[in-house]
Amino acid sequence: MSDVVPQQILVEYLTENGSGFAITEEGDQVYLSDRLVEKMKVQPGDVLDAFIMLNYADKRDAIKWRAMRVMKPTKIVDMFQDA
C-alpha cells in the first residue's frame, strides 16, 4: 500500500456522477470519490487540506493521486490564495 501524503488541493470541477477532480500545488490531478464529495459538501473552487495517496496502478497515468480524506484548511497556501 502506498503512503498517504498531506497536501493542499484546489477543486477544479465535479462530474455528473458526483465525483470530483482537484489539483495539487505541483499541478498533479487528484480524484475525489462521489462519497467524499457528498459527505464533505465539496464544491468547485474549494481549497482543501487533503490526505492523498497514489491512485490505482491502472489509473495512475491519467490521474496520479486519489484523496482519502479532506477537510477545510486552517491556512490557504500562497499558490491558491487568489483561486
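Note that residues are indexed from 1 along each chain, following the sequence as it is written. pLDDT decides what is reported in this predicted model: residues at 70 or higher carry local features, side-chain atom pairs at 80 or more are listed and counted, and totals for whole chains, interfaces and linings draw on all residues regardless. As a rule here, side-chain values come from all non-hydrogen atoms in the structure, and water together with hydrogens is ignored.

A.B. asks: What should I look at first to understand the nonpolar core in this one?
C.D. replies: Grouped burial of nonpolar side chains is what soluble globular proteins tend to show. To define a nonpolar core, start from buried Ala, Val, Leu, Ile, Met, Phe, Trp, Tyr and Cys residues and group those joined through side-chain atoms within 4.5 Å. Using a 1.4 Å probe on the protein chains alone, a residue whose accessible area is under 20% of its type maximum counts as buried, one over 50% counts as exposed, and one in between counts as partly exposed. The biggest cluster of nonpolar side chains holds 14 residues, and the ones touching the most others in it are Ile9, Val30, Leu32, Ala67 and Val70. Taken together, the elements giving at least two residues each to this core come down to β1 (5–14), β3 (29–32), α1 (34–40), β4 (47–54) and β5 (65–71). With residues up to four places along the chain from it excluded, the contact list for valine 30 reads Ile9, Gly20, Phe21, Ala22, Thr24, Ile52, Ile63, Trp65, Arg66 and Ala67. In DSSP terms, a helix is any run of H or I states spanning at least four residues, a strand is any run of E spanning at least two, and both are numbered starting from the N terminus. Contacts are assigned to residue pairs that have any heavy atoms within 4.5 Å of one another.

A.B. asks: So what exactly am I meant to see when it comes to the pattern of salt bridges here?
C.D. replies: Opposite charge on two side chains lets them pair, provided their charged atoms get close. The salt bridge definition used is simple: a Lys or Arg side-chain nitrogen within 4 Å of an Asp or Glu carboxyl oxygen. Per the stated rule, a full pass over the model turns up 3 salt bridges. With its nearest N and O atoms 3.9 Å apart, the salt bridge here joins aspartate 58 to lysine 59. For aspartate 58, a relative accessible area of 64% gives the class exposed.

A.B. asks: Looking at this structure, I do not really get the pairing of β5. What am I missing?
C.D. replies: Within a regular strand, the side chains alternate between the two sheet faces. By the bridge criterion, 2 bridges tie β3 to β5 in an arrangement that is parallel. Bridge pairing in β5 places tyrosine 31 opposite arginine 66. Direction of pairing for β4 relative to β5: antiparallel, over a ladder of 6 bridges. If you follow leucine 54 over to β5, its bridge partner there is tryptophan 65. Only strands joined by at least two bridges in the DSSP assignment are considered to pair.

A.B. asks: Even after reading the chapter, I still don't get the environment of glutamate 16, so can you show me in this structure?
C.D. replies: As for its placement among the helices and strands, glutamate 16 is situated in the loop between β1 and β2 (20–24). For glutamate 16 and leucine 48, which are 32 residues apart along the polypeptide, the C-alpha to C-alpha distance reads 21 Å.

A.B. asks: Sorry if this is basic, but what is going on with the environment of glutamine 81 here?
C.D. replies: Locating glutamine 81 in the fold gives a position in the segment after β5. Distance from glutamine 81 to valine 47, taken between C-alpha atoms, is 9.0 Å for residues 34 residues apart in sequence.

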